[in-house]
Amino acid sequence: MSLPVPIQEPVNTPDVQLNTGRWIAAKPWLVGAGLLLIGTLVFDALHKVLREVQYHDILHTMRHTSHLSIAIALLCTAISYLALVGYDASSLRYVGAKVKWSTIGLTSFIAYALGNTIGLGVLTGGTVRMRLYTAAGVEATQVAKAIAFNAGAFGLGMTTFGAAGLLWGAPNVAGMLHIHPLLLQLLASVTLLGIAALIALCMRRRSLLLFGRWTMPLPEGRLAVRQLLISALDLAAAAATLWVLLPNHGMPLPTFIAFYAIAIALGVISHVPGGLGVFEAVILVAWGPHAPVGEIAGALVMYRLVYFLLPLLIATTLLAVLETRTTVLAPIARAAVRLTPGLMSAMVLVTGIMLLISGVTPATHSAEHLLRTTVPLFAVEFSHMIGSIAGLAMLFVARGLLHKLDAAWWAALVLTIIAGILALPKGIAVSEMVELSFLTSLLVISRKQFNRKSSLFAQTFEAGWLLAVASVIAGCAGILFFVYQDVAYANLMWWQFAFDDYAPRAMRTLLVVATLGMAVGMRQLLRKPTGKAGKPAQEELERALQVVHAQQAADACLALMGDKSLLFSSSGKSFIMYAKQGRSWIALSDPVGAQQEWPELIWNFIEMVYAHGGRAAFYKVRPQTLPLYLDAGLRAYKLGEEAYVNLHDFSLQGPRRANLRHGVARGEREGLSFEVVAPAQIPAILPQIRAISNAWLLMHRTREKSFSLGSFKEPYILQQPVAVVRKGKSIVAFATLMAPDVLRIEAAIDLMRQQPEAPAGTMDFLFTNMMLYCQAQGYQRFGLGMAPMSGMEQHQLASRWHRFGRMMFQHGERFYNFRGLRSFKDKFDPEWEARYLIAEGGLAPIFTFSDVTALINGGLGGFKGAISK
């Protein structure tokens, strides 16, 4: 169920707006300061605890973990992941979506396997759910609500059973926190009572008004109880997985669940992938009094292998198996296969980290003895160094795999094979060789998913990726000093070479790896990015004109305005039109032209934007193309709905169109006539329609728009038909018509203006006759433009974006006539189709929307009209 988050009712007072603005500005700094404080405290505790740990103690614990303990841990892991399927099933039921159990199981397992292990950027469970559930026919808005449901259910379940565990084991926890047990029991009891009261409220009502101004939505009571039971099973099984691996069970499982819930919560809050380090610190502190720290650390490593890496490996293998059966797969399975690049990227990333850690840790004594007798020393040194360099390269190649680069696939394959061959002479690392061999098999099977022809060296790494690589190298340095903490580094020489000189070998390896990593980072920082955001040349506009007329989308004609840059595909048969405002690089609508080139074109645009350090976004995207953007790791935010009139059965007959029929008849009685002027004849009427345009702008006290709105620019006007309404011989209204004339699928109205003294109903007369004209010309549908902020979800789990849109639609008349525009278009009895803003997460959609407004209006001052199309 969703965590009950208070939603503020629309209040537009200056004080509220000021306070909201201050909070939005201060929130990132407050969150960052909180995370830094938590991280400092946790890692300080981790450092103090690990001073008592020896590397060999960890290895000894891992090797001597009983088969029975491992079997029980595997069973508990399976139970936990089965319970996690219940989260998805409940969330889909809550939002009213019906999906097959096989689809829910596949999606849930892949999402949690990837999200639990990496949980960073595009490698998240939310991305997986959005991709697969939309392929199953679930609306993107419903999937977003389901994702919110999962997060809320997890938080509430963790709070509930953490409090229950704290109530049970308060005496054990109190000694560690230096807090009286009664105080902890009181805190746990209050928490449980509060949750019980919440469930009781859920049984009786669907919302709660707080302080007369805040509405707190409530889920159904039965669903809340059901989800608590699912959470209990999941949390108990996950905690039991670790509990059974820990030595000397001196703490009861219910008490341990409290610590486990705290560790998970801090791991989530830290935003560290998988909570790595943060989770371990809490468990080490909690279990420290019951067993040697080295044994606890060994059990934690085993837990990571069983609960995190094994499911990731199984999920990747599952997709590889599906890959071999692509000819007989259902649409859902085919959509799952398209997730392969993300999972393979995660696998290669984890493998690279494994190779780097292997490079700074010593071999076993038996392996050292075997190496002395069978392998020359120079081969050991060479294998050690090259294996670690391969690990570093994999960290960078993983990003190319995420972007489906053909060159990245070849690089990953070669690196994996080389590292697998060198695993034996490096340290008789049989398990490492087996894992690399298996990864090689997965790469070969998934070959078809990496089809983007692009240079591996041309890709640009975001600052976040470079920071992650630097963190891995820093972590390896920490492991090196931990493993060799008893070695006197001052007496070691960098050029000492011997079979048992592990510390010098590790230091040499890490120095080379750090140097190469720094070189790649400096190259990225100093390289000059390709691409630009400038006005297109005449030759580009002529190429775009040919593409526009040969495709079906009417709004593609906006590329001919000349105010947007054009990014063509390598064949020149498709392009993206875009403009830059601030850090935002915003593409208008979907790509234009050959649809088979769209995925590559979208990736090229995103990579070009990242190379410039910008923020990629797509404005007014159609729902049919959402998967293309989700695959690229972006998110969808609904803008409103576009109105289309189906011209196949359009007629003025019947009661539904009585108002249109009467409007046309009234216009004819007042002497109005309709005509479509071909581009060749437009120069003759240009002075008249220019005068109408100027008068219209003066009457509305506005100026010409741009980007997603047509403007009165003569070169643009002369390229498309103009529909005019005359009274007598004088033109009283006109509209430009976007109508690609090869396929004749879609036509749409663009620039529309009338004289101030035009008869009432002139625009209705113009619109209706334009539809009849396009119907006679063989077009299939007629676009009336977008009704912004309409069609937003009213569900209690609706996102903040939808709540904001609904608030603007209902109460934003001071900015724009949202409801009036929707009502005007409704009179033509249209079909409504959603339009989306595609952007990154966090605050990116807000900044992007502000930049779109500036692009349309030539500055932030002209919000009114910015979102009318």
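All figures in this text were calculated on a predicted structure; none of them were measured in a lab.

Rules of the game
- Residues numbered from 1 in each chain as written.
- Predicted model: local features only at pLDDT ≥ 70, side-chain atom pairs only at ≥ 80, totals over all residues.
- Heavy atoms only, no water.
- Helix = DSSP H or I, 4+ residues; strand = E, 2+ residues; numbered from the N terminus.
- Buried < 20%, exposed > 50% of the residue type's maximum accessible area, 1.4 Å probe, protein only.
- Contact = heavy atoms within 4.5 Å.
- Areas by Shrake-Rupley, 256 points an atom, 1.4 Å probe, with all protein chains shown as cover.
- Pairing = 2+ DSSP bridges.
- Axes fitted to C-alpha atoms, helices over the stretch in contact; angles between N-to-C directions.
- Parallel < 35°, antiparallel > 145°, perpendicular 65-115°, else oblique.
- Left-handed = near helix turned anticlockwise from the far one by under 90°.
- Nonpolar A, V, L, I, M, F, W, Y, C, P; charged D, E, K, R; others polar.
- Core = buried A, V, L, I, M, F, W, Y, C linked by side-chain atoms within 4.5 Å.
- Salt bridge = Lys/Arg side-chain N within 4 Å of Asp/Glu carboxyl O.
- Phe/Tyr/Trp six-rings, centres within 6.5 Å; stacked < 30°, edge-to-face > 60°.
- Lys NZ or Arg CZ within 6 Å of the ring centre and 35° of its normal.
- Polar contact = N/O pair within 3.5 Å; in protein donor to acceptor, adjacent residues only side chain to side chain.
- Right-handed = clockwise from strand over helix to strand, strands pointing away.
- Expected span 1.5 Å × (residues − 1).
- Patch = residues over 30% accessible without salt bridge, like charges linked within 9 Å, V, L, I, M, F, W, Y side chains within 5 Å.

Visitor: Account for the overall build of the chain, naming residues and giving values.
Guide: Within the chain, the secondary structure is distributed over 30 helices and 15 strands. For the chain, with 869 residues in total, the buried portion stands at 53%. Expressed as a percentage of contacts within the chain between residues at least 6 apart in sequence, the contacts between residues at least 24 apart total 75%. Only carbon and sulfur atoms are counted for the fraction: they give 64% of the accessible area of the chain, which is about 37900 Å².

Visitor: Explain the pairing of strand β8 (residues 615-621) to me, using residue names and the numbers behind them.
Guide: Burial within β8 is extensive, with seven of its seven residues counted as buried. Bridge count between strand β6 (residues 584-588) and β8: five bridges; the pairing is parallel. If you follow L588 over to β8, its bridge partner there is Y619. In this structure, β8 lies alongside strand β15 (residues 831-839), joined through three bridges in antiparallel fashion. The residue of β15 that forms the bridge with F618 is I838.

Visitor: How would you sum up the packing of helix α16 (residues 377-402) against helix α19 (residues 463-483)? Please name residues and give values.
Guide: The interhelical angle for the contact between α16 and α19, taken along N-to-C directions, is 150°, at an axis separation of 10 Å. Judged on the interaxial angle alone, α19 and α16 are roughly antiparallel. Here α16 and α19 pass one another in a crossing that is right-handed. Contacts between α16 and α19 involve L392, L395, F396, A398, R399 and L402 on the former and, on the latter, W465, L466, V469, V472 and I473. Split by residue class, the contact of α16 with α19 holds 10 nonpolar, no polar and one charged.

Visitor: For the nonpolar core, give the residues involved together with the corresponding values.
Guide: Within the largest apolar cluster, 114 residues are counted, with the highest numbers of intra-cluster contacts made by L242, F256, Y260 and F279. Here the element with the most residues in this core is helix α12 (residues 293-323); it accounts for 15 residues. Excluding its chain neighbours within four sequence positions, the residues that come into contact with L242 are F256, Y260, F279, I283, A299, L300 and Y303. Formed by 37 residues, the second largest nonpolar core is a distinct cluster that contains I104, M608, V621 and L630.

Visitor: I'd like a description of the packing of helix α14 (residues 340-359) against α16, backed by residues and values.
Guide: At their nearest, the axes of α14 and α16 sit 8 Å apart, and the two run at 160° to each other. One finds that α14 runs roughly antiparallel with respect to α16. Handedness of the α14/α16 crossing: left-handed. Looking at the contact of α14 with α16, its residues break down into 14 nonpolar, 10 polar and one charged.

Visitor: I'd like a rundown of the pattern of salt bridges, residues and numbers included.
Guide: For the structure shown, the criterion picks out 28 salt bridges. Between E368 and R372 there is a salt bridge, with the nearest N and O atoms lying 3.1 Å from each other. Taken together, the positions of E368 and R372, both in helix α15 (residues 365-374) and four residues apart, correspond to about one turn of that helix. A salt bridge links E833 to R781; the shortest N-O distance between them is 3.9 Å. Of this pair, E833 sits in strand β15 while R781 sits in strand β14 (residues 781-788), placing them 52 residues apart in sequence.

Visitor: How would you summarise the packing of aromatic side chains if you had to cite specific residues and measurements?
Guide: Tallied over the entire structure, the rule returns 21 aromatic pairs. When the centroid spacing of 5.6 Å and the interplanar angle of 80° are considered together, the rings of Y303 and F308 count as edge-to-face. Looking at Y303, the relative accessible area reads 0%, which means it is buried. Pairing F824 with F828 gives two aromatic rings, centres 5.7 Å apart and planes at 75°, and the pair type is edge-to-face. You can call F824 partly exposed: its relative accessible area is 23%. The class of F828 is buried, set by a relative accessible area of 0%. An aromatic cluster of three or more residues is present, and its members are Y81, F109, F256, Y260, F279, W287, Y303, Y307 and F308. The aromatic ring of F568 is capped on one face by R543, whose charged end is 3.9 Å from the ring centroid.

Visitor: With reference to specific residues and values, describe the side chain of E432.
Guide: Residue placement: E432 occurs in helix α18 (residues 430-445). Within polar-contact distance, the side chain of E432 engages the side chain of S358 at 2.9 Å. Other than its neighbours up to four places away in sequence, E432 contacts M354, L355, S358, A423 and K426.

Visitor: Could you give an account of the pairing of strand β13 (residues 746-754), with specific residues and numbers?
Guide: With seven of nine residues buried, β13 lies mostly within the body of the structure. Pairing geometry for strand β12 (residues 730-738) and β13, over five bridges, is antiparallel. Opposite A733, over in β13, you have Q754 as the bridge partner. With helix α27 (residues 762-776) bridging β13 and the parallel β14, this β-α-β connection has right-handed handedness.

Visitor: Which residues make up helix α22 (residues 598-611), and what values go with them?
Guide: For α22, with 14 residues, the first-to-last C-alpha span of 20 Å sits near the 20 Å given by 1.5 Å per residue. Counting buried positions over the 14 residues of α22 gives 10, a clear majority of the element. G613 sits one or two residues past α22 and shows a positive phi near 70°.

Visitor: Tell me about unusual backbone geometry, residues and numbers included.
Guide: Backbone geometry at S589 places phi at a positive 60°, although glycine is not the residue there. Position of S589 among the secondary structure elements: in the loop between β6 and β7 (592-593). With relative accessibility at 5%, the residue S589 sits in the buried group.

Visitor: Quick rundown of a nonpolar patch on the surface? Include the residues and the values.
Guide: Where nonpolar side chains cluster on the molecular surface, the patch consists of I179, L183, L186 and V190 and spans about 350 Å² of accessible area. Along the chain, L186 turns up in helix α8 (residues 181-204).

Visitor: Quick rundown of α14? Include the residues and the values.
Guide: Helix length check: α14, at 20 residues, gives a terminal C-alpha distance of 28 Å against a target of 28 Å (1.5 Å per residue), a fit within 8%. Counted residue by residue, α14 has 16 buried out of 20 residues, so it is predominantly covered.

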